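Breakdown of the fold
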Amino acid sequence: MRISTKGRYALRLMLDLALNDSEKPVRIKEIASRQEISDKYLEQIISVLNKACFVRSIRGPQGGYLLTRKPEEYTVGMILRLTEGSMAPVECIDDNIGGCSRMDNCATSIVWQKLNDAISNVIDNITLADLAQWQLERTEK
């Protein structure tokens, strides 16, 4: 399994919003500059986040984007699944696809399920607040 730039940049965008949350909307150009990511690409990603109500848009000269929830209410898994789709390492264990007819007789499915469980355990138990704390600790060094 590989996370695309869309998923990685979505996490960085959401982290940037969490770190710069001062009740004042944050502009995409500011995020793009800080994260060294194309503002055009971030606009595509923010559109997905906005449609899912992960962020809200404020229009006008003082406009920008704000998180709709507290950072501790977002998990890495929520953000990655929104931008990447399923995090299952193989199709046969992907609940969205419907599984595989060989599931009951296939020993390798145990490996894939254990891998899927491990991935989910990590990404579903790390919040945006955790990432923000880790980022602050790294910048204080």
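As shown above, the structure is provided for reference.
Anyway, here's the lowdown on the structure attached to this text.

Rules used in this analysis
One numbering rule holds for all chains: residues counted from 1, following each sequence as written. The model is predicted, so local features are restricted to residues of pLDDT at least 70 and side-chain atom pairs to those at 80 or more, both for listing and for counting; the totals for chains, interfaces and linings are taken over all residues. Note that the side-chain values use all heavy atoms of the structure and ignore hydrogens as well as water. Secondary structure elements follow DSSP: runs of H or I no shorter than four residues count as helices, runs of E no shorter than two count as strands, and numbering proceeds from the N terminus. Between N or O atoms, a polar contact is any pair within 3.5 Å; within protein, one atom must be a potential hydrogen donor and the other a potential acceptor, and residues adjacent in sequence are included only when both atoms are from side chains. Contacts are residue-level and defined by heavy atoms, with any inter-residue pair within 4.5 Å sufficient. Each helix should span, by expectation, one fewer than its residue count multiplied by 1.5 Å. For every residue, the accessible area obtained with a 1.4 Å probe (protein chains only) is divided by the maximum for its type, and the residue is called buried under 20%, exposed over 50%, and partly exposed between those limits. Within this scheme, the nonpolar core is defined by two criteria: the residues are buried Ala, Val, Leu, Ile, Met, Phe, Trp, Tyr or Cys, and they are joined through side-chain atoms within 4.5 Å.

Once that is clear, we can look at the side chain of threonine 75. Within the element layout of this structure, threonine 75 appears in the loop between strand E2 (64-67) and helix H4 (76-84). Among the polar contacts listed, one links the side chain of threonine 75 to the backbone nitrogen of methionine 78, at a separation of 3.0 Å. With sequence-adjacent residues up to four places away left out, threonine 75 is seen in contact with Ile123, Asp124, Ile126 and Thr127.

Take helix H1 (residues 5-19) next. When the terminal C-alpha atoms of H1 are compared, their 20 Å separation across 15 residues agrees well with the 21 Å that a helix rising 1.5 Å per residue should span. Buried residues of H1: Gly7, Tyr9, Ala10, Leu11, Leu13, Met14, Leu15, Asp16, Leu17 and Ala18, and no others. In the core, the buried residues of H1 are packed alongside helix H2 (28-35), helix H3 (39-51), strand E1 (55-58), E2, H4 and helix H6 (128-140).

Leu13, Met14, Leu17 and Leu128 are the most contacted members of the largest nonpolar core, which totals 32 residues. Sorting the residues of this core by element identifies H1, H2, H3, E2, H4, helix H5 (108-123) and H6 as the ones contributing at least two each. When residues of this core are assigned to their parent elements, the largest contribution, 8 residues, is made by H1. When residues no more than four places from it in sequence are discounted, the contact partners of leucine 17 are Val26, Ile31, Ile46, Val55, Tyr65 and Leu67.

Our next topic: the environment of methionine 103. Along the chain, methionine 103 falls in the loop between H4 and H5. Expressed as a C-alpha distance, the spacing of methionine 103 and leucine 11, which sit 92 residues apart in the sequence, is 33 Å. Residues in contact with methionine 103, not counting those within four places in the same chain, are Cys92, Ile93 and Ser109.

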